[in-house]
Amino acid sequence: MRPFRLAVPVVAAAFPLLALPVAAQAAPFALAPVLTDNVVLQRGKPVPLRGMGEPGSVVHASLDGGALPDATVAADGTWQIALPAQAAGGGHRLHFATSTGQQTQLANVAFGDVFLCSGQSNMEFTLRHATNADVVIAGSANPDLRLFNVPKQSSLTPQPQFGAGVAWAPAGPASTPDFSAVCYFMGASLQATRKVPVGLIAASWGGSVIEDWMSPAAVRQAGGHDDDLELLALRRRDPAAAEQAWGKQLHTFFARTAGKGAARSADVGKLWEDWGDPAYARFDGTATYTATVRLSAQQARAARALRLGVVDDIDQTLVNGVAVGAGVGWNTQRHYALPAGSLHAGTNTITVNVLDTGSGGGLHGDSLPALELADGSIPIAGWQVVQGMPLARAGKIPMPPWIAASGLTTLYNGMIAPLGDIPLAGIAWYQGESNAGDAAGYRGLLRALIADWRSRFATRPFGIVQIAGYGPLVAGPTDAFWPRIREAQREVAASDPDAGLAVAIDVGDPDDIHPTRKKPVGQRLAQALAGKPVAALPVVLREGNDQVRLRFNRPLRVIGDAVPIGFELCDAAGHCRFAPAKLDAPDTVAIPVRTGDVTLRYLWADSPVVNLFDADGSPLSPFTMPIP
């Protein structure tokens, strides 16, 4: 809303001494928030210059003193000037002036290639935490590499402004430490290769799901989210009704995924991975905690709230079978008010349904959960837990669609929409861990996001990082969890002629989902955006009944051994074994097969050992495929 101002003709006639200059009464003139000093604008494409101003006023613009077409500010206060396509180069100046007497300018403008880097925590992971950070940061000064950090912001509606102040900055020790490491290494590689200014826009949020980065139209196109979109619309109209509707979805989910096995005692002071129980050591999924507390009639009447502690990640809590609260967040204290009549004299049952979506899990805290009374509290001890369904089989998680990073469209509204429709040279995407429980659905979502962002930013190249190795090291073939989402990413890249894959399977850490070796990932993203073909499946040639030959689209080499490892053969029942393989030509791997082998897999493990690379040092992508 524009600031309130008096109607000039009336005020000037009645109070001549209060008449103000026109410029002082005009609505503030402003450029689009992505337009600041040091900006990099896309070379070779018309660039829309946008902003806000006084409706009906005229905006004059010039580039290095040369006039650009004028624009008249529309009734909604917006204006746009089309900047003709420019050749690569730096040191330019854009000047803007209005018919109301306002003016501003942009200094040190460059034309080059602009890239958007987005995703979750491995894209957000900053350079200061990457391997060899001190040396890299000290040598990061480059006036032709410019950085733009998008502040975190979640919104139910598209926003014209970012959540905090923003500015473009040349790369250097002052700007690179808190910039995305993967994006920085990618941009440094691209700039060194292309020899033009490169602009990098980093917009990421740790733990985010892909749906939260998509526009409503893209979500509808992907399908399967109509109920969530309706729930989101309800949230805008009636937040309390939306909370109630989500609670019903959560109750159905926990009822479907609850375990039916024996209960064991639960240490609610620790994450369940720290109990020393092999069944929980690496468990991601659902569990049900229960405890009872005996109360007098007076205590039951005096109860005001239930203090649980932290629940990692999602809970729905019931008292005597009635839901009293639900929450999302791995580090958020749960504190639920108790409606009158929730408790009664005698034995009362507290039930906490929990879903852990990765890493640590469960109900934990520094003190026991407790009932808060009007004049004190009663600790709740003797907790039992029953393990439920693992995350890999739990299906779609009913996240509240308005929760930042776990919702639907809110990060698009808060972090992508303020960028407007500036043209880009390409997009880099590092995300998937938070959608790994539904690899099949992820294919459609990723394709819809790619189409959505390509249309918005007038670009085609799209680089996808295939998530790194993470999880237990195993001695034999297994029905692993993470390979499914890697295969979804590979398939999307392979089916899209303008998409590329950056394979990161070799840089992972079995114990840390955030590996610190980001330089090879960024360099491989640069290669993916340049069109390096690493996502395609090999051509399989059957030689008789006892051998297949896999012909890849580039020469390969084995590192540290004479033979490549990681190939598996599986029968129709899903029984798999490691297969001896031989690199018998620079681009061909020969593998002996048996009657009954129907599927060939490669690096089909959470944290596989990798020794097959190409000439650029990129590993061969994990894959699965039928045997002809």
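Everything quoted here is computed from the prediction, not taken from an experiment.

If you tally the helices and strands in the chain, you get 14 helices and 36 strands. Reported as C-alpha extents along the three principal axes, the dimensions of the chain are approximately 85 × 80 × 45 Å. A burial count over the chain gives 53% of its 628 residues as buried. Partitioning the intrachain contacts of the chain with sequence separation of at least 6 by distance along the chain shows that 75% fall at a separation of at least 24. Treating the 50 positive side-chain charges of the chain as one cloud and the 54 negative ones as another, the clouds have centres 2 Å apart.

This paragraph deals with the confidence of the model for the chain. When pLDDT is averaged across the chain, the result is 93; 96% of the residues are at 70 or more. The low-confidence segment residues 1-24, where pLDDT is below 50, has 17 contacts with residues more than four positions distant or belonging to other chains.

With antiparallel pairing, four strands are arranged side by side in an open sheet as β27-β28-β33-β32. This sheet does not close on itself; its edge strands, each paired only once, are β27 (539-543) and β32 (582-585). Strand after strand, the sheet turns through a mean of 30° between neighbouring axes, direction not considered. Bridge analysis of β32 against strand β33 (residues 588-592) gives three bridges, and the strand direction is antiparallel. Counterpart to Ala585 in the pairing with β33 is Thr588.

Right, let's get into the pattern of salt bridges. Inspection of the entire model under this criterion finds 24 salt bridges. For Glu124, the salt bridge identified is with Lys152, shortest N-O distance 2.9 Å. Separated by 28 residues along the polypeptide, Glu124 in helix α3 (residues 121-124) and Lys152 in the loop between β10 (142-149) and β11 (169-171) bring together distant segments of the chain. Exposure remark for Glu124: the relative accessible area of 27% places this residue in the partly exposed category.

Most of strand β14 (residues 285-295) is tucked away: eight of the eleven residues are buried. The pairing of β14 with strand β23 (residues 384-390) spans five bridges and is classified as antiparallel. Within β23, the position partnered with Tyr289 by the bridge is Val385. Where β14 meets strand β19 (residues 346-355), ten bridges bridge the pair, whose relative direction is antiparallel. The residue of β19 that forms the bridge with Ala287 is Val354.

Below, the discussion takes up the state of the cysteines. Here is the idea: a disulfide is a covalent bond, and it sits between the sulfur atoms of two cysteines. For the coordinates displayed, the defined rule picks out two disulfides. Paired through a disulfide, Cys117 and Cys183 show a sulfur-sulfur distance of 2.2 Å. The disulfide joining Cys117 to Cys183 has a torsion of about 75° about its S-S bond and is therefore right-handed. With Cys117 in strand β9 (residues 103-119) and Cys183 in helix α5 (residues 181-194), this residue pair connects regions lying 66 residues apart in the sequence. What pairs with Cys570 in a disulfide is Cys576, and their sulfur atoms sit 2.0 Å apart. Judged by the sign of its S-S torsion, about 110°, the bond between Cys570 and Cys576 is right-handed. Given a relative accessible area of 23%, Cys576 falls into the partly exposed group. Across the chain, the way the bonded cysteines pair up, counted in sequence order, is 1-2, 3-4.

The element strand β16 (residues 314-319) is extensively covered by neighbouring structure, given that six of its six residues are classed as buried. Burial along β16 is two-sided: the face carrying Ile314, Gln316 and Leu318 and the face carrying Asp315, Thr317 and Val319 are both buried. For β16 and strand β17 (residues 322-328), the ladder comprises six bridges, and the chain directions are antiparallel. Along β17, the bridge assignment pairs Asp315 with Gly327. The sheet contact formed by β16 and β19 spans six bridges and is antiparallel. Note that in β19 the partner of Asp315 across the bridge is Val354.

Rules of the game
- Residues numbered from 1 in each chain as written.
- Predicted model: local features only at pLDDT ≥ 70, side-chain atom pairs only at ≥ 80, totals over all residues.
- Heavy atoms only, no water.
- Helix = DSSP H or I, 4+ residues; strand = E, 2+ residues; numbered from the N terminus.
- Buried < 20%, exposed > 50% of the residue type's maximum accessible area, 1.4 Å probe, protein only.
- Contact = heavy atoms within 4.5 Å.
- Lys, Arg positive; Asp, Glu negative; His and termini not counted.
- Charge placed at Lys NZ, Arg CZ, Asp CG, Glu CD.
- pLDDT = per-residue confidence, 0-100.
- Pairing = 2+ DSSP bridges.
- Axes fitted to C-alpha atoms, helices over the stretch in contact; angles between N-to-C directions.
- Salt bridge = Lys/Arg side-chain N within 4 Å of Asp/Glu carboxyl O.
- Disulfide = S-S within 2.5 Å.

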